[in-house]
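Descriptive structure summary
What follows is each chain in one-letter form.
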Amino acid sequence: MTVGIGGWGSRRKPMALVRALLRTDVKDLTVISCGGPDVGLLAAAGRIGRLVAPFVTLDSVPLEPHFRAAREAGAFAFEEWDESMFLWGLTAAAHRLPFMPVRGGLGSDVPRHNPRLRTVTSPYEDGEELLAAPALRMDVALVHVNRADVRGNGQFRGPDPFFDDLFTEAAERTYLSCEQLVERFEGPPQSLLVQRQNVTGVLYTPGGAHFTSCAPDYGRDEAFQRAYVRAAQDPQAWRAFEERFLAGDEDDYRRAVDALAEETGSQRKDTSQ
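First things first, this report covers the structure right here in the doc. Note that the structure is a prediction, hence the values are computed from the model and not measured.

Quick look at the side chain of threonine 57 now. Topologically, threonine 57 is positioned in the loop between strand 3 (48-53) and helix 3 (65-73). At 3.3 Å, the side chain of threonine 57 and the backbone oxygen of valine 61 are in polar contact. With near-sequence residues (within four places) excluded, threonine 57 lies in contact with Gly9, Ser10, Gly35, Gly36, Pro37, Pro62, Leu63 and Glu64.

All right, on to the pattern of salt bridges then. For the structure shown, the criterion picks out 14 salt bridges. For arginine 12, the salt bridge goes to aspartate 164, with nearest N and O atoms at 2.8 Å. Of this pair, arginine 12 sits in the loop between strand 1 (2-5) and helix 1 (15-22) while aspartate 164 is found in helix 6 (residues 164-170), placing the two residues 152 residues apart along the sequence. When its relative accessible area of 4% is taken as the criterion, arginine 12 is described as buried. Overall, the relative accessible area of 0% leaves aspartate 164 in the buried class. Put simply, glutamate 128 and arginine 103 hold a salt bridge, and the shortest N to O gap is 2.7 Å. With glutamate 128 in the loop between strand 6 (118-121) and strand 7 (129-134) and arginine 103 in the loop between strand 5 (99-102) and helix 5 (110-113), this pair connects stretches of sequence that are 25 residues apart. When its relative accessible area of 26% is taken as the criterion, glutamate 128 is described as partly exposed. Salt bridges sharing partners connect three or more residues here, namely Arg11, Asp59, Arg220 and Glu222.

As a further point, take the pairing of strand 3. The two faces of a sheet get side chains in turn, since along a regular strand they alternate between them. For strand 2 (residues 29-33) and strand 3, the ladder comprises four bridges, and the chain directions are parallel. Each bridged residue has a counterpart across the sheet, and for leucine 29 the counterpart in strand 3 is isoleucine 48. Handedness of the crossover joining strand 2 and strand 3 through helix 2 (residues 37-44): right-handed. Pairing geometry for strand 3 and strand 4 (residues 77-80), over four bridges, is parallel. Bridging across to strand 4, arginine 50 finds its partner in alanine 77.

If you walk across this open sheet you meet the three strands as 5-7-6, and the pairing is antiparallel. The two strands at the open ends of the sheet, each matched to only one other strand, are strand 5 and strand 6. Shown here is a sheet whose adjacent strand axes are inclined to one another by a mean of 45°, direction ignored. The pairing of strand 6 with strand 7 spans four bridges and is classified as antiparallel. From the neighbouring strand, threonine 119 faces strand 7, where its bridge partner is leucine 131.

How each quantity is defined
Residues numbered from 1 in each chain as written. Predicted model: local features only at pLDDT ≥ 70, side-chain atom pairs only at ≥ 80, totals over all residues. Heavy atoms only, no water. Helix = DSSP H or I, 4+ residues; strand = E, 2+ residues; numbered from the N terminus. Polar contact = N/O pair within 3.5 Å; in protein donor to acceptor, adjacent residues only side chain to side chain. Contact = heavy atoms within 4.5 Å. Salt bridge = Lys/Arg side-chain N within 4 Å of Asp/Glu carboxyl O. Buried < 20%, exposed > 50% of the residue type's maximum accessible area, 1.4 Å probe, protein only. Pairing = 2+ DSSP bridges. Right-handed = clockwise from strand over helix to strand, strands pointing away. Axes fitted to C-alpha atoms, helices over the stretch in contact; angles between N-to-C directions.

Here is the structure:
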């Protein structure tokens, strides 16, 4: 399957849904993502067959360590897009178009390394050559929002929706996790970007973006992210990390995270109320 994962780097990733995916036996996934630890965890578990992404970062750590290791080992195929091409590929899929013309990428090595990318010539008098960003269609999208209702409408309360609304429109099915489940929304209508006709299911998952940030509800758990990065450097340490944080269900994960916070003296904001 082709799975789109919302969020951006180490910001508002649907991590509870990614962890749930890891508890299944799915493999050979095509993953479309502005990548962060979602890509890292799936790569470490050997679940990715092909990745389409403009970057894979933890933000405060420039390069996601599991992604780095997987790329160095040639563990999966990688299609590298720049952010403007990625935006218009999602837009093409959302509008059910085969591609969208874009100037981004022209004059760079991106088309040389990605043979799927082609150019088109404007049919008008300008005759400009443009890059054709193919539609980034998905079987399913996973997106985390601040607020949602049971019908599938979703609201972003942070400063940036990233491309999450386009993910929901570009996918055949979307599963939405949320910090708060509400009966009615408050705030500017511009923040109500996820529409119920594009959503298959809603999951009430407070803290569901951890360890990434979910502004303004909570910031990135830097102490946990440091532990994640340290464990990724050594196979034995990573096995211990998996056993502690990823072997159980989501309740087990939350208890393990709380225990680590006590050990390190950090605090994780409780969003369950």
